[in-house]
Amino acid sequence: MAFQTTFAPARPGGVGSWSGGTACETPWQSLPMAFNVDVVRSSYPALTDGYAYLDGAAGTQTPASVIEAIASAYRTGIGNVGGAFPASKRSDGIVAECRRAVADLVGGNPDGVVLGPNMTTLTYRLSYGLAKGWGPGDEVVLSRLDHDANVRPWVQAAERSGATVRWADVDLATGELPAQQYDALVTERTKLVAVTAASNALGTRPDVAAITAKAHAVGALTYVDGVHATPHVPVDVAAFGADFYATSAYKWSGPHVGTVIADPALLESIRPDKLASSANDVPDRFETGTSPFADFAGVVAAVEHLAGLDPAAAGTRRERVLASMAAVEAYEQDLFGTLLGGLESLPHVTLYGKAARRTATSYFTVAGRTPEEVAIHLAERKVNVWNGHNYAWELTGALGIRDAGSAVRAGLVHYNDRSDVDRLLAAVAELAT
Ligand SMILES: Cc1ncc(COP(=O)(O)O)c(C=O)c1O
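About the thresholds
Residues numbered from 1 in each chain as written. Predicted model: local features only at pLDDT ≥ 70, side-chain atom pairs only at ≥ 80, totals over all residues. Heavy atoms only, no water. 1 Å grid on protein atoms, 1.4 Å probe; cavity = no way out; pocket = protein on both sides within 12 Å on 5 of 7 lines; lining within 4 Å. Points joined across faces, edges and corners; volume = space filled by probe spheres on them. Helix = DSSP H or I, 4+ residues; strand = E, 2+ residues; numbered from the N terminus. Nonpolar A, V, L, I, M, F, W, Y, C, P; charged D, E, K, R; others polar. Near = heavy atom within 4 Å. Polar contact = N/O pair within 3.5 Å; in protein donor to acceptor, adjacent residues only side chain to side chain. Areas by Shrake-Rupley, 256 points an atom, 1.4 Å probe, with all protein chains shown as cover. Sits in = over half its atoms within 2 Å of the grid points. Core = buried A, V, L, I, M, F, W, Y, C linked by side-chain atoms within 4.5 Å. Buried < 20%, exposed > 50% of the residue type's maximum accessible area, 1.4 Å probe, protein only. Contact = heavy atoms within 4.5 Å. Pairing = 2+ DSSP bridges. Axes fitted to C-alpha atoms, helices over the stretch in contact; angles between N-to-C directions. Phe/Tyr/Trp six-rings, centres within 6.5 Å; stacked < 30°, edge-to-face > 60°. Lys NZ or Arg CZ within 6 Å of the ring centre and 35° of its normal. Salt bridge = Lys/Arg side-chain N within 4 Å of Asp/Glu carboxyl O.

Notes on the layout of surface pockets
At step 1: Roughly 480 Å³ of internal volume is contained in the largest pocket.
At step 2: Taken together, 30 residues form the lining of the largest pocket, with His147, Tyr250, Lys251, Asn390 and Tyr391 sitting closest to its centre.
At step 3: Only α4 (119-131), α5 (152-161) and β14 (386-388) provide two or more residues apiece to the lining of the largest pocket.
At step 4: The residue inventory of the lining of the largest pocket, partitioned by class, reads 12 nonpolar, 12 polar and 6 charged.
At step 5: Taken as a whole, the second largest pocket holds about 360 Å³ of empty space.

Structure representation (structure tokens):
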């Protein structure tokens, strides 16, 4: 008998559950309600601890529905995949549903959703596979705006294969990554263009579609880092022109799982290093070892959670994701205006980046204090922020702030509210010299 596993999503604040064979019913999703941050916040148990969680760019908190989906998978009983017994078939079902959920989140094909521990590991894995076809004379184009996870694996793959790295630079005054420079950078020798959909430090959202179009015009592949963009905006991998799109569920309310989305036919053309005994199918051949199946159940719940953030959204899960993420973007941008305006009004604060299109991510220094001192001061006032280079290695080097401890990052995600911003601004104001 075919065993179908389904996830019943919960209302915000409630919990979902795994079961065998029943359809999901989500009547609340058709209620005509707008995005409501108080309702959203009430679905996150961790947010009751009194801290302002402005560290979401490094990893978000998880709603009760995600926590329960993971617990439910373990409670119900899961096995390794590919077995004859129900617990194994439940894991088969979870993996398949996880691929469908990720595909709905980004507009991809479930058969091209590679799952793994995190974006960095998967990018290394893909870089080894792709670089098997590179040699001296070939070129890869990287950007100094990117997180090092979309830089170093390609630099090292180029070194191994004899290929040359060409760099796209950031306009340091604005934080923009001008797309025009790719006209000169991309040539007939280009094999790959790797670029971020959003900077995890400055929030800059480059014109990815323009950049990937230039790559495709010469037959190069594109690897788009969507780790920072995905929690903030509606994503469509085709509109980005992303041959590979990488994202990590722990940045969008899910567990520590990474994923790369690609056309299955493209994945078929890549031969990653793998065990002789493991599956040779796509996308399985890119997934080494035994996967965290319960966490994959949490990924499904996280996508359901995102799809339900605008409860007025209707239609397929993909349609609800798009509508909800549009509502999230509008909400975050409005609140970000308050955050940025407040920081700009403080003479002892220096802000980095003012790109025309950016996520709600601020990066700043405070006169007379190291970024670490600022972060400690804020932590004492129950404000969570990150200090340092945040792996924006090339960018902080180009800005000349890396050796001085880089900067402080305070970013918004959909569960942050005005009180979080007010607490940050009041605490930073105290640091006036
Ligand atoms: C923009 C960006 N890319 C890549 C990564 C690396 O992701 P992971 O931790 O899943 O390897 C991060 C993590 O902070 C990130 O913000």
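Still more to cover.
A short note on the site of the ligand
At step 1: Taken together, Asn118, Met119, Thr120, His147, Ala149, Asn200, Asp225, Val227, His228, Ser248, Tyr250 and Lys251 make up the full set of residues adjacent to the ligand.
At step 2: Here an oxygen atom of the ligand sits 2.6 Å away from a polar atom, N or O, in the side chain of Ser248.
At step 3: Here an oxygen atom of the ligand sits 2.5 Å away from a polar atom, N or O, in the side chain of Tyr250.
At step 4: For the ligand, the protein covers 90% of the area, taking 390 Å² as the surface of the free molecule.
At step 5: Its atoms largely coinciding with the cavity grid, the ligand occupies the largest pocket.
At step 6: When grouped by side-chain class, the residues that make up the shell around the ligand number 4 nonpolar, 6 polar and 2 charged.

Some remarks on the nonpolar core
At step 1: Membership of the largest hydrophobic core comes to 102 residues, with the highest contact counts inside it found for Tyr182, Tyr245, Val385, Leu424 and Val428.
At step 2: Sort the elements by how many residues they give to this core and helix α10 (residues 293-307) lands first, with 11 residues.
At step 3: If near-sequence neighbours (up to four positions away) are discounted, Tyr182 is found in contact with Val141, Ser143, Ala168, Leu177, Val193, Val195, Ile211 and Lys214.
At step 4: Formed by 29 residues, the second largest nonpolar core is a distinct cluster that contains Leu126, Val140, Val151 and Ala246.

With respect to the sheet that holds strand β9 (residues 244-248)
At step 1: Spatially, 7 strands are ordered β4-β10-β9-β8-β7-β5-β6 in an open sheet, and the strand pairing comes out mixed. Edge positions in the sheet fall to β4 (113-116) and β6 (164-168), since each has one partner strand and no second. Here the strands of the sheet are splayed against their neighbours by 20° on average, with no regard to which way each runs.
At step 2: Two strands pair when backbone bridges link them, and strand β5 (residues 139-143) and β6 are joined in this way by 5 bridges, in the parallel orientation. Within the sheet, the bridge partner assigned to Val141 lies in β6 and is Arg166.

Concerning the sheet that holds strand β15 (residues 407-411)
At step 1: Strand order in the open sheet made by the 4 strands is β11-β12-β15-β14, with antiparallel pairing throughout. Strands at the two margins of the open sheet, each flanked by one partner only, are β11 (349-351) and β14. Across the sheet, the axes of successive neighbouring strands diverge by a mean angle of 35°, strand direction being ignored.

Side note on the packing of aromatic side chains
At step 1: What the rule picks out here adds up to 8 aromatic pairs.
At step 2: The interplanar angle of 85° and the centroid separation of 6.4 Å between the aromatic rings of Phe293 and Phe296 together place this pair among those described as edge-to-face. Pair noted here: Phe293 and Phe296 are both in helix α10, with a separation of 3 residues, about one helical turn. Phe296 shares its class with Phe293; the two are buried.
At step 3: Between the NZ or CZ atom of Arg160 and the centre of the ring of Tyr128, over which it lies, the distance is 3.8 Å.

Side note on the pattern of salt bridges
At step 1: Applying the stated criterion to the full structure yields 22 salt bridges.
At step 2: Among the salt bridges present, the one from Arg41 reaches Asp420, with a minimum N-O distance of 3.3 Å. Taken as a pair, Arg41 in helix α1 (residues 37-42) and Asp420 in helix α14 (residues 418-429) lie far apart in primary sequence, 379 residues in all.
At step 3: Of the residues examined, Arg41 reaches a relative accessible area of 17% and is grouped as buried.
At step 4: One salt bridge in this structure joins Glu139 and Arg189, with 3.1 Å as the shortest N-O distance. Taken together, the positions of Glu139 in strand β5 and Arg189 in the loop between α6 (182-185) and β7 (190-196) put the pair 50 residues apart, joining distant regions of the chain.
At step 5: Put simply, Glu97, Arg100, Asp104, Glu304 and Arg317 are held in one network by salt bridges that share partners.

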